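# Coordinates in review
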Amino acid sequence: MRSLDQARALCESYLPGLVDGLSKIPFDQRESSGAATLPVFRASRGPGLVIPKDYGGLGATPLDAVRVMRAIGAHAPSLAVGTTMHHFSVATLFTFAESIKNSGMEWALLEAITSRNLLVSSGFAEGRPAQGILAPTMTATPAPGGYRINGSKKPCSLSHSMDLLTASVAVPASDGGQQTAFLLMPATLRGITRHPFWGSSVLAGAESDEVRLSDVYIEDELVIPTENGPDGMLDDLQTTGFIWFELLITASYLGMASALVERALAARRAAITDRAALGTRIETATQLLEGAARAMMAGETDNDALARVLMARYGAQDAIADAARQAVEMLGGMSFIGSPDVAYLIAACQCVAFHPPSRASIAAAMVDYLDGSGPFLMSDTGPAAATPAPQPPPVPTPQRETAPVRAPQPVPAATPAPAPESARPPAGAAVSASPPAPAAPAATTAPTGPAPVAKPASLARPATPYVVAPTETPRVAGQSTMTADDAADWDNATSLFDGAEGLRLTARDCDLRYWFANVPERTLRGNVVGYAPGLVTPDFLREPGPLRDALIQEVAFRALAEERAARAIGYIVACAPDSTTMEFYATQLMDETRHAMIFRNHLRNLGVDERDVADVIAQQTAADQAGILDPLEELGMPIVRDQQDFLGGVVLLTILVEGFLAPSFELSERKWRPLDPRMADMEKGAGIDEVRHLAVGTSIIREHLHQHPDDKERLVELIRGGMRLWEQLPVADQLNRWENWFQEGIAPHVAMIGDYEIWDGRRLVDTTPEERIQKALEVTSTVHSTRLTDMGLGRALIF
């Protein structure tokens, strides 16, 4: 089909490889939950499609964006609908950046989205009858330096794959009332949870589950009040955002209908006059949308322009539904029966009618505009009457089995792939979207739509499919009530997996007196080597094989990493500005030195001769030392050794070293517990220390910024540079290597491991390498985002 082929060609020019990449994924996988299409979208630089080139984006005009989204909708409906809300959010952001109301922060945010291919989730209007699309669904309570956010968004497109989360929120106004504001936050903040909501197989790939926020803290600079124009009209920025949304979401459905029309024209089954009528009908929708896009390019973005765009949307909506129905009729019953794609596309096309605003909700405003009796007002409430909007006729929904609700986990191969022999050490060396489309669309929940437009503001995820998770119990983002003494107690200390990232301790709490009174007896319990005398290392861990390979390499790397950290901390002790911080970092120097000692000692437990320990460490860690530890040292040593920058050293140690590595070390404790209790105890004791180091480092930075707010930008830039470096380090390769060896090695010991749970409700023997890595990365993201936000440096998470 000529116009669709032109759209595909344009899509290829903006997003090279996207259409071909999507075509290689089976259609049912593209459309099922699991985010199969998003890695292809990111790889083609899709997140930057509508961001202007000045901000590092691809600079698609409204007309080009409409055509590209049409092409995507024809190949991957869920991807088109899910990413529309991303484009809406970033279009709003760059519109704000180019206005006189900008804060200067928008430029950096846009560049971060384009350079890191971040996905922004947006889902302002809930799917409820009479729910105003401008009405905030969350509340903000003032807190020191920011707000605590509570509420829910459902459906929320890209809920499982988002890097950033946008929403409308009600904040206290200066007059004592409530004011609508726009917020943007990292999706990894503690207190953000996902819950099953999407009940249909249609457009399931848009990941439109519920997202809840429970006492989530964000800094005030990321909560931006909005304004209304005269007589209740939306201001120009809000209006521009709505226009982008209406154009792109309708273009997505135009692509779905175009795919059906293309098939019908190619089949040549109907009379030539009917085929001409079909093509004309779908091109009617095309011309309506492209005409509205051209008007936007000509500068028509006021309230009158919004009214005209909505009329174009409703006209295109009718043409899309008509063309899809006619195309399926031309294809015939056997095509419908024999091709699940046909049934799916006709069902998906009906969902265009469910996106806000409904015709009924703006009917009075539209009449006022048309007859000239008043301006077009986008009301903040739903329709005055309870009369439902006209619904399309029932559409058969493809019978597709819905995946059962279960714990999030990747979809592994039947048998984990063993690590290649070449990589193994020598044996002796040791996924808001559209609503569901059930058989009776009238029963379908309304979808996500845009909200008031104002200025909006992760760690890498493993590319594994998501499975709808059971209801989560949110970990409230408040401060831990644990005392400093309990934080050092072997039996009472909380782990990072269980929420210890909220612990607050200061250098004054954890001075030398504290260390001598608590660590030797309450943490170590007198066990200098990190484990109780009665624990043993099983003989099978001294035998060559993948399990020993995994353990030897983990222990060797831990020994080297802890030693390198201790040497760097010596410089922090030397440039500490006062005796309190000097005492604390002297205790951390002792902790890290002890950790290095106990892991070296454990190599002896595993059968390495004492004279060979240094050589085994060098041999086993050569690649990881060069790829991970050396670059980190090259970044940090000039700061603490040459510049004697105490705060810079604390930031790098707390955020980039302790903050990133501690969760993976805790995973090590949990997975080795049933196999090597000595290793597990050593990791647990070291983990208690690391939690204390993280908490005190955070408080030092927070207190410094409170006294020296002018130093914030310098530290943010330092963190950004460190994060850019971290993203380039081969940490994922290291974890994959270890976890695949571990998976291969535990096969003979399944009976011994039994029902041991690596975390609540999940047996170790049922996990996969990908799932364990994903869990560690999730905890890392939570620790990272919570600590940075607590320091007052949360902005660094999204730059």
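Residues numbered from 1 in each chain as written. Predicted model: local features only at pLDDT ≥ 70, side-chain atom pairs only at ≥ 80, totals over all residues. Heavy atoms only, no water.

Turning our eyes to something else, we now look at the environment of Trp 726. Here Trp 726 shows up in helix H21 (residues 712-728). Given the relative accessible area of 11%, Trp 726 is considered buried. Counting along the chain gives 98 residues from Trp 726 to Ile 628, while the straight-line C-alpha distance between them is 8.5 Å. The contacts of Trp 726, once residues within four sequence positions are left out, are Leu 632, Leu 656, Phe 660, Leu 661 and Val 731. (Helix = DSSP H or I, 4+ residues; strand = E, 2+ residues; numbered from the N terminus. Buried < 20%, exposed > 50% of the residue type's maximum accessible area, 1.4 Å probe, protein only. Contact = heavy atoms within 4.5 Å.)

Turning next to unusual backbone geometry. A cis amide bond links Lys 154 to the next residue, Pro 155, at an omega of -10°. For Pro 155, the position within the fold is in strand S3 (residues 146-156). Backbone torsion omega between Pro 356 and Pro 357 reads 0°, so that peptide bond is classified as cis. Structurally, Pro 357 is set in the loop between helix H12 (340-349) and helix H13 (363-371). The backbone of Leu 158 shows a phi angle near 60°, a positive value even though the residue is not glycine. Examined against the element boundaries, Leu 158 turns out to sit in the loop between S3 and strand S4 (164-172). Phi at Gln 644 takes a positive value of approximately 50°, unusual for a residue other than glycine. Relative to the elements of secondary structure, Gln 644 occurs in the loop between helix H18 (613-642) and helix H19 (646-672).

Taking burial as the measure, the 11 residues of S3 include eight buried ones, the bulk of the element. The pairing of strand S2 (residues 138-143) with S3 spans six bridges and is classified as antiparallel. In the sheet register, Ala 143 faces S3, and the bridge partner there is Gly 146. What sits between the antiparallel neighbours S2 and S3 is a turn of two residues, in which Gly 145 has the positive phi angle 80°. (Pairing = 2+ DSSP bridges.)

What follows deals with the pairing of S2. Bridge analysis of S2 against S4 gives two bridges, and the strand direction is parallel. The residue of S4 that forms the bridge with Thr 139 is Ala 170.

Further remarks concern the packing of aromatic side chains. Evaluated as defined, the whole model comprises eight aromatic pairs. Ring centres of Phe 27 and Tyr 344 lie 5.4 Å apart, and the angle between their planes is 85°; this geometry places the pair in the edge-to-face category. With Phe 27 in helix H3 (residues 27-31) and Tyr 344 in helix H12, the pair connects residues that are 317 residues apart, well separated along the chain. Tyr 344 shares its class with Phe 27; the two are buried. (Phe/Tyr/Trp six-rings, centres within 6.5 Å; stacked < 30°, edge-to-face > 60°.)

The geometry of helix H16 (residues 546-574) relative to helix H22 (residues 731-746) is characterised by a closest axis approach of 7 Å and an angle of 145° between their N-to-C directions. The way H16 lies across H22 gives a crossing that is left-handed. Across from Pro 546, Leu 547, Asp 549, Ala 550, Gln 553, Glu 554 and Phe 557 in H16, the residues of H22 making contact are Gln 734, Arg 737, Trp 738, Trp 741, Phe 742, Glu 744, Gly 745 and Ile 746. (Axes fitted to C-alpha atoms, helices over the stretch in contact; angles between N-to-C directions. Left-handed = near helix turned anticlockwise from the far one by under 90°.)

Okay, the confidence of the model for the protein next. With 81% of its residues at a pLDDT of at least 70, the protein reaches an overall mean of 83. Every residue in residues 126-132 is under pLDDT 50, and counting partners more than four places away or in other chains gives 16 contacts. Low pLDDT, under 50, characterises residues 380-478; the predicted model gives this stretch 302 contacts beyond four residues in sequence or across chains. (pLDDT = per-residue confidence, 0-100.)

This structure, assessed with the given rule, holds 45 salt bridges. Residue Arg 641 pairs with Asp 642 through a salt bridge whose shortest N-O separation is 3.0 Å. Salt bridges sharing common partners tie together Arg 525, Glu 669, Arg 673 and Asp 681. (Salt bridge = Lys/Arg side-chain N within 4 Å of Asp/Glu carboxyl O.)

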